[in-house]
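Chain and residue survey
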Amino acid sequence: MRTIAHLSDLHFGRINPAIIIPLISMISDLEPDVIAVSGDLTQRARSHQFKEARAFLDALPKPQIVVPGNHDVPLHNVVTRFLAPLKKYREYVTDDLAPSYADSEIVILGVNTARSLTIKGGRINRRQVRWLKEQFYTGGPSVVKIVVTHHPVDSSEGSDARYLVGRARMAMEELAGCGADLFLAGHMHISYAGQTAKRYKLGGKTAIVIHAGTASSTRSRGESNSFNVIRITYPEISIERHRWHPTENTFIGELSDRFRRANTGWIRIEI
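To keep things clear, this report deals only with the structure shown in the data block. (Residues numbered from 1 in each chain as written. Predicted model: local features only at pLDDT ≥ 70, side-chain atom pairs only at ≥ 80, totals over all residues. Heavy atoms only, no water.)

1. Concerning the sheet that holds strand β11 (residues 236–245)
One key point about sheets: their strands pair by backbone hydrogen bonds, in either a parallel or an antiparallel sense. Formally: Strands are labelled as partners when DSSP assigns at least two bridges between them. Numbering of helices and strands runs from the N terminus; a helix is a DSSP stretch of H or I covering at least four residues, while a strand is a stretch of E covering at least two. Lines are fitted to the C-alpha atoms to define the axes, a helix being fitted only along its stretch in contact, and any angle between axes, read from their N-to-C directions, falls within 0 to 180 degrees. Contacts are assigned to residue pairs with any non-hydrogen atoms lying within 4.5 Å of each other.
Strand order in the open sheet formed by seven strands is β3-β2-β1-β10-β11-β12-β13, with mixed pairing between adjacent strands. The open sheet has two edge strands with one neighbour each: β3 (64–67) and β13 (265–268). Pairwise comparison of adjacent strand axes, ignoring direction, gives a mean angle of 25° for this sheet. Here four bridges tie strand β12 (residues 250–262) to β13, and the two strands are oriented antiparallel to one another. By the bridge assignment, A262 is partnered in β13 with G265. Where helix α1 (residues 17–30) meets the sheet, its contacts fall on β1 (2–7), β2 (34–38), β10 (226–233), β11 and β12, and the angle it forms with β10 comes to roughly 10°.

Here is the structure:
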């Protein structure tokens with residue numbers, strides 16, 4: 001079994017400070033095999049915000065797969081935005097914009113979808129997709145293959161498609177053949193788990209898409225702060241959503257979704 005703690009949209013610079021210590025304690029107690037952080041570590045990509053984010057990451061278990069989000073690109077410093085958009089992210093967080101982790105049961109690959117030319121949107125390109133395919137083809141059929149991005153490749157029915165990463169359909173069509181299983185993202189500040197076959201008709205194959213809400217920001221969009229715990233025991237995957245309960249001063253988890261691998265991909269199991 002493998003356990004992944006999935007956090008997103010930390011937004012240091014606009015956080016609820018009461019959450020940070022309980023969040024670190026909870027994740028540490030879970031003893032995850034990997035932590036995935038799907039972008040927006042800061043609110044406005046300022047040095048002191050990145051320093052706070054760095055201190056937070058240092059307090060969490062390792063290994064970690066961390067990718068940037070659109071808020072990690074400077075908004076008001078136009079020169080830096082276009083000439084060195086991720087300079088501070090690379091200085092304080094990591095210089096690796098294509099992080100990876102692999103063992104006998106999982107492969108996790110991070111992709112940078114933040115771009116200078118958009119304020120909120122993101123994009124994935126063919127070079128990044130080729131890299132994902134090359135890495136995934138080396139894993140066996142029972143190795144669960146996971147992609148971490150900030151901008152999601154899919155979302156719930158009825159949600160605004162503008163939140164999706166640019167060229168998502170191209171990426172999904174290319175990745176279907178190499179057996180990508182699980183897509184982790186954030187950006188929307190709303191928790192979600194679903195199957196990609198509802199949007200993408202790829203020969204009947206379906207993967208799982210999981211969004212994490214914001215772990216620590218006050219920009220909650222009507223949903224309490226939360227993070228996901230993903231437990232992989234092939235051929236099953238379960239998702240626990242841990243929500244912040246201020247009266248208890250802690251995060252409380254509950255099983256929210258479960259999937260099983262079938263011939264055509266991942267199907268939802270009734271809980």
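2. A few points about the side chain of R241
In this fold, R241 is placed in strand β11. In this structure, R241 is in contact with S191, Y192, A193, S226, F227, N228, I252, G253, E254, S256 and D257, ignoring residues within four places of it in sequence.

Purely geometric stuff here, so don't read any function into it on its own.
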